[in-house]
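# Inside the fold
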Amino acid sequence: MSLVMPHIVQAMPSRQPATAFLVDVSSDWQSPAWNTMIAQGRALPFQHTGWLEAWYAAFARTSHLEPLIVTIRDRETGELALALPLIVRNERGLRVAEFADLNLTDYNAPVLGPAAPRDPEAAEHLWRALCAALDGIDLIRFKKMPVAIGDRPNPLALIAGTHPCQVNGNLVTTGDDFDAYRFSLERTVRKELERSWRVFTRHPEAGFRAVTDTDEALRLLAVLETQQSTRMHDLGQTYLLNEDTSASFYRNLIVAGLHDGSTVMTALTCGDEIVATLLGVRSEQHYIMIRISNAGAQWSNCSPGRLIIAQTMAHLHAQGVRLFDFSIGNYAYKRRFDVAPVALVDKTAALGWRGLPNIAREGAIQWLRRHPALDERMRRAFGKVLHTREA
C-alpha cells in the first residue's frame, strides 16, 4: 500500500472553488452553442460538431450513461476557457465522469477557448473549479489526452497527477511538397508502394475513389464492416464495432459529415468489387484515419491497405491537408509511413472516499509499468495480462 499512497494524495483535488473560473454543467448535447465555441476556440476533429453529434445521437439515449457538457469561462471577461464533451456512467456503484469515448474516440480533449490556461498554476485553478462543479460524481477518469492541441498546451495535461497513457498517437506532417515527403520514405517502402499501384492498376476498371454521395458511402461502410469482421474472426480476436450502437454511430458520422468534408470515405475499387476502404475525419489541415479494411488474401499482391492510405494522403494533400494522423496503435504499417509519436496522458481523480479504491488500483498499475520485470512476474503469477500494448 505504501507504494501507491502518494498517488492517492495527488489524485484527491481540493474542493475549494477556484474563483477565476465560472463552470456551467448541462446535459444538452444538442445546444447550438457548441458551433460557436468551436469557432472561437481550438479543437481536434474528434471534438468537432459532426463527430460529437453522431456520438451522442448513438449513445446518449442508452440506459447506462448520461451526457455531461461542461463549459468553463473566465469569470471576469466571460471568455471561453474550455468546453468538455463528457458523459457520466455508473460503474460498480460509482458515478464516473469521462469523455464521450467508449473506445471510439482516439484522442480525448477539450475545446480550447481564448481564456484557456497556458501554465500549470492557472490549470490547477481551473481543475479545482471543475471538480467543485461536478456534484454527485465519485471519480473523474480522463484518458488518451494529447498534451497539446495545435500549437497550444492542453490545460488538462498540465495539472498534477497526470501520467503517460498506455498508447500514443502517430502523426505525419508532410509540408507543402508531397513529393518531398514521398521521397523522404525509405527507398524500399517507396518502391513497394509504386509497385503495388502498378500491379493494382493492371486490372481493368481498377482505381481510387473519394466518395461524396451519402448512399454510396453507407454501402461502402457496410462492406468495411464485413471486411473488418472477417479479418478479426480470422485472427481469433473479438470484434465489437458491428454492435448496433457502434454501427449506428458510424452511420450517423457519414450522414452528418460527408457533404461538408468533415467525414472522408475513400476506396480502391475494381469494377463492382471493393478492394479496400478507409474512413477518416478531417478538420481543415488535420485528417485522422479511424477505420480501414481490405478484401483479403486475393489482393495481397498489391498491399491494398497501405495502397489506399498512400492514395488517400495524396488526394487530401492536394486539398490542403498537411497533418495525416494514423491515430493510436503502434502497428508496423504505420512506421513504414514514417510516423512521429504523439504523447498522450491520463488523469484519474477521486472526488470523494468512494473513488479512492480506483485511485489505489491506478497507482499500483502505474508503479508496475515502471518496473517491467516485476510486472512480468505478476502477470505470470495471475495468469493474465494486467495491461496491454498494441504491437
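Residues numbered from 1 in each chain as written. Predicted model: local features only at pLDDT ≥ 70, side-chain atom pairs only at ≥ 80, totals over all residues. Heavy atoms only, no water.

### Quick notes on the packing of aromatic side chains
In the structure shown here, the tally under the stated rule is 15 aromatic pairs. Geometrically, the ring pair formed by Phe46 and Tyr107 is edge-to-face, given 5.9 Å between the ring centres and 80 degrees between the ring planes. Of this pair, Phe46 sits in the loop between helix 2 (33-40) and helix 3 (49-59) while Tyr107 sits in the loop between strand 4 (94-99) and strand 5 (111-112), placing them 61 residues apart in sequence. Taken as a pair, Phe46 and Tyr107 share a single burial class, namely buried. Grouped by ring-pair contacts, the aromatic residues Phe46, Trp51, Tyr107, Phe249 and Tyr250 constitute a single cluster. (Phe/Tyr/Trp six-rings, centres within 6.5 Å; stacked < 30°, edge-to-face > 60°. Helix = DSSP H or I, 4+ residues; strand = E, 2+ residues; numbered from the N terminus. Buried < 20%, exposed > 50% of the residue type's maximum accessible area, 1.4 Å probe, protein only.)

### Examining helix 9 (residues 304-317)
Taking 1.5 Å as the rise per residue, helix 9 with 14 residues should run 20 Å; its terminal C-alpha atoms sit 20 Å apart, in good agreement. When you tally the buried positions in helix 9, you get 10 out of 14 residues, the bulk of the element. Every buried residue of helix 9 is accounted for by Pro304, Gly305, Leu307, Ile308, Ile309, Ala310, Thr312, Met313, Leu316 and His317. (Expected span 1.5 Å × (residues − 1).)

### Focus on the pairing of strand 3 (residues 80-91)
Judged by how many residues are buried, strand 3 sits mostly within the fold: 10 of 12 residues are covered. The pairing of strand 2 (residues 65-74) with strand 3 spans 9 bridges and is antiparallel. Each bridged residue has a counterpart across the sheet, and for Leu68 the counterpart in strand 3 is Leu86. If you look at the hairpin formed by strand 2 and strand 3, you'll find 5 residues sitting between the two strands, and Gly78 has a positive phi there, around 80 degrees. Pairing between strand 3 and strand 5: 2 bridges, direction antiparallel. For Leu82, the partnering residue across the bridge sits in strand 5 and is Leu112. Sheet analysis places strand 3 next to strand 4, joined by 6 bridges and oriented antiparallel. Bridge pairing in strand 4 links Arg89 to Val96. (Pairing = 2+ DSSP bridges.)

### Observations regarding the pattern of salt bridges
The full count for this structure, using the stated rule, is 15 salt bridges. Close ionic contact of Arg42 with Asp151 constitutes a salt bridge, the shortest N to O distance being 2.6 Å. Separated by 109 residues along the polypeptide, Arg42 in the loop between helix 2 and helix 3 and Asp151 in the loop between strand 7 (148-149) and strand 8 (152-153) bring together distant segments of the chain. Owing to a relative accessible area of 32%, Arg42 belongs among the partly exposed residues under this scheme. With its nearest N and O atoms 1.5 Å apart, the salt bridge here joins Glu216 to Arg209. Overall, Arg209 belongs to the partly exposed group, its relative accessible area being 31%. (Salt bridge = Lys/Arg side-chain N within 4 Å of Asp/Glu carboxyl O.)

### Some thoughts on the environment of Leu86
By the secondary structure assignment, Leu86 is in strand 3. Residue Leu86 is classed as buried on the basis of its relative accessible area, which comes to 0%. On a C-alpha basis, the gap between Leu86 and Val70 in space is 7.3 Å, while along the polypeptide they are 16 residues apart. When neighbours within four sequence positions are excluded, Leu86 is seen to be in contact with Tyr56, Glu66, Pro67, Leu68, Val70, Glu98, Phe99, Ala100 and Phe142. (Contact = heavy atoms within 4.5 Å.)

### Points about the state of the cysteines
Enumeration over the complete set of coordinates arrives at 0 disulfides. Cysteine Cys270 shares no disulfide, and the gap to the nearest cysteine sulfur, in Cys302, comes to 9.2 Å. For Cys270, a relative accessible area of 14% corresponds to the buried category. (Disulfide = S-S within 2.5 Å.)

### A look at the sheet that holds strand 12 (residues 263-270)
Pairing between the strands of a sheet comes from backbone hydrogen bonds, and it takes one of two forms, parallel or antiparallel. Within the open sheet, the 7 strands sit side by side as 11-12-13-14-15-10-16. Their pairing is mixed. Pairing within the sheet leaves two strands with one partner each, and these edge strands are strand 11 (206-211) and strand 16 (340-342). With direction set aside, neighbouring strand axes in the sheet form an average angle of 30 degrees. As judged from the 8 bridges shared by strand 12 and strand 13 (residues 273-283), these two strands associate in the antiparallel manner. Along strand 13, the bridge assignment pairs Thr269 with Ile274. The strands that helix 6 (residues 187-201) touches are strand 11, strand 12 and strand 13; relative to strand 11, the one it contacts most, it runs at about 100 degrees. Helix-sheet contacts for helix 8 (residues 244-257) involve strand 12, strand 13 and strand 14 (286-294), and the interaxial angle to strand 12 is about 100 degrees. (Axes fitted to C-alpha atoms, helices over the stretch in contact; angles between N-to-C directions.)

### Here's the deal with the packing of helix 3 against helix 8
A pair of packed helices is captured by two measures, namely the crossing angle of their axes and the spacing between those axes. Remark: helix 3 packs on helix 8, axes separated minimally by 8 Å, with the N-to-C direction vectors making an angle of 145 degrees. As helix 3 runs across helix 8, the sense of the crossing is right-handed. Taken together, the residues of helix 8 that come into contact with helix 3 (itself represented by Gly50, Trp51, Ala54, Trp55, Ala57, Ala58 and Phe59) are Thr245, Ser246, Ser248, Phe249, Asn252, Leu253 and Ala256. Residue classes in the contact of helix 3 with helix 8 are distributed as 9 nonpolar, 5 polar and no charged. (Left-handed = near helix turned anticlockwise from the far one by under 90°. Nonpolar A, V, L, I, M, F, W, Y, C, P; charged D, E, K, R; others polar.)

### Some remarks on the confidence of the model for the protein
Averaged over every residue, the pLDDT of the protein is 86; the share at 70 or more is 85%. Every residue in residues 1-17 is under pLDDT 50, and counting partners more than four places away or in other chains gives 33 contacts. Contacts for the low-pLDDT stretch residues 384-391, under 50 throughout, to residues beyond four places or in other chains number 19 contacts. (pLDDT = per-residue confidence, 0-100.)

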